[in-house]
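# Architecture and fold: a report
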Amino acid sequence: MKPNKLIIGSIFATALTALGATAYAAPGTGPQCTGFGAAGPAAHHVMRGKNLGAAPPHFRQLGLTEAQRNQIFDIKYQSMPTMRQHYQELRATRIALRDASSAANYDATKVRTLADKLGKLQADMAALRAADQHKIYAVLTPQQQAQLQKMRDLRPAYGTMRGPGAGFGPGAAPMGTDS
């Protein structure tokens, strides 16, 4: 007996609907809704979501007081307009650079100018983030600062292998080597 295509299609559609519904089944639960920032690979995107201006996710382990959380929020909130403006300029510059590099008439001077602007915007944003981090660090007690430093020391260095799929991409060792 051959299975009917309509029956197989409806089973497939039902399964997809059920899987999609589970993603929305319990909104407001999980680590992303603790009030301290989004957990996961996109945790550095402070500009998005409900946790605008909230403390970084790893600060949950520091046992911040309500007053400290408010101070950290104020620090982040004060820098938001500038960070947002830089982010919008950065995005527009990336798009312009992408378009210029794939244009029919390649203009090396224009590409270089856009690349320089992109680098400056990235440096400015890094400096703004560092200034915020310094202000936030000053809000912490000496015990919390020591605990934060211990957490940083335990975190793997940037560019080291950190999980599934790590080791693939720029700078990765060829397959079959131990380095």
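In this report, the structure presented in the accompanying data block is examined. Note that the structure is a prediction, hence the values are computed from the model and not measured. (Residues numbered from 1 in each chain as written. Predicted model: local features only at pLDDT ≥ 70, side-chain atom pairs only at ≥ 80, totals over all residues. Heavy atoms only, no water.)

### As for the overall build of the chain
The criterion, for reference: Elements are defined by DSSP. Helices are runs of H or I of four residues or more, strands are runs of E of two residues or more, and each kind is numbered from the N terminus. Here's how the labels work: a residue is buried when its accessible area is under 20% of the maximum for its type, exposed when over 50%, partly exposed in between, all with a 1.4 Å probe on protein chains only. By definition in these notes, contact holds between two residues if any of their heavy atoms fall within 4.5 Å. Method for areas: the Shrake-Rupley scheme with a 1.4 Å probe, in which residue coverage is limited to the protein chains shown.
Each helix and strand counted, the chain has 4 helices and 0 strands in total. When the helices and strands of the chain are placed in sequence order, the string is α-α-α-α. Considering the chain as a whole, with its 179 residues, one finds that 20% of them fall into the buried category. Put simply, 54% of the contacts in the chain that link residues at least 6 apart link residues at least 24 apart. In the structure as shown, the chain presents an accessible area of about 13,300 Å², 61% of it carried by carbon and sulfur atoms.

### Structural notes on the nonpolar core
Spelled out, the test is: Remark: nonpolar core denotes a set of buried residues (Ala, Val, Leu, Ile, Met, Phe, Trp, Tyr, Cys) joined through side-chain atoms within 4.5 Å.
Counting residues in each nonpolar core, the largest one holds 10 residues, listed as F59, L62, L64, I72, I75, I136, V139, L140, L148 and M151. Going through the elements one at a time, helix 2 (66-101), helix 3 (108-139) and helix 4 (142-154) are the ones with two or more residues in this core. The contacts of I75, once residues within four sequence positions are left out, are D132, K135, I136 and V139. Counting 9 residues, the second largest nonpolar core, distinct from the first, contains L97, L114, L118 and L121.

### Examining helix 4
Heads up, the rule is: Here a helix's expected span is defined as the number of its residues, less one, multiplied by 1.5 Å.
Between its first and last C-alpha atoms helix 4 spans 19 Å; for 13 residues at 1.5 Å apiece the expected length is 18 Å, and the two agree. Structurally, helix 4 contributes buried residues whose contacts are with helix 2 and helix 3.

### Some words on the pattern of salt bridges
The condition is simple: Each salt bridge in this description consists of a side-chain nitrogen of Lys or Arg and a carboxyl oxygen of Asp or Glu lying within 4 Å of one another.
Scanning all chains against the criterion turns up 4 salt bridges. In this structure, R112 and D116 form a salt bridge, with 3.8 Å as the shortest nitrogen-oxygen distance. A residue pair is termed a helical-turn pair when its members lie 3 or 4 positions apart in one helix, as R112 and D116 do in helix 3 at 4 residues. By relative accessible area, D116 is classed as partly exposed at 43%. Among the salt bridges present, the one from K120 reaches D124, with a minimum N-O distance of 3.1 Å.

### Brief notes about the side chain of T93
Relative to the helices and strands, T93 is located in helix 2. In contact with T93, other than residues within four places in its own chain, are L114, K117, L118 and L121.

### Examining the packing of aromatic side chains
Put simply, the test is: Classification of ring pairs uses Phe, Tyr and Trp, with its six-membered ring standing for Trp, and accepts pairs whose centres are within 6.5 Å; under 30 degrees between planes counts as stacked, over 60 as edge-to-face, and the remaining range as tilted.
Under the counting rule described, the total for this entry stands at 1 aromatic pair. Seen from their ring centres, F73 and Y77 are 5.6 Å apart, and the 20 degrees between their planes marks the pair as stacked. A residue pair is termed a helical-turn pair when its members lie 3 or 4 positions apart in one helix, as F73 and Y77 do in helix 2 at 4 residues. A relative accessible area of 51% places Y77 in the exposed class.

### As for the environment of V139
Within the secondary structure layout, V139 lies in helix 3. It is 9.2 Å that separates the C-alpha atoms of V139 and R69, two residues lying 70 residues apart in sequence. If we skip the residues at most four places from it in the chain, V139 touches Q68, Q71, I72 and I75.

### Considering the packing of helix 2 against helix 3
Put simply, the test is: To obtain an axis, a line is fitted to C-alpha atoms, over the contacting stretch when the element is a helix, and the angle between two such axes runs from 0 to 180 degrees between their N-to-C directions. We call two directions roughly parallel when the angle between them is under 35 degrees, roughly antiparallel when it is over 145, roughly perpendicular when it lies between 65 and 115, and oblique otherwise. Classification used: nonpolar for Ala, Val, Leu, Ile, Met, Phe, Trp, Tyr, Cys and Pro, charged for Asp, Glu, Lys and Arg, polar for all others including Gly.
One way to put it is that helix 2 packs onto helix 3 with a least axis distance of 9 Å and a crossing angle of 170 degrees. With respect to helix 3, the axis of helix 2 lies roughly antiparallel. Its residues assigned to classes, the contact of helix 2 with helix 3 shows 17 nonpolar, 8 polar and 9 charged.

### Examining the environment of A138
Tracing the sequence through the fold places A138 in helix 3. Relative accessible area serves as the criterion here: at 57%, A138 is assigned to the exposed category. For A138 and I72, which are 66 residues apart along the polypeptide, the C-alpha to C-alpha distance reads 10.0 Å.

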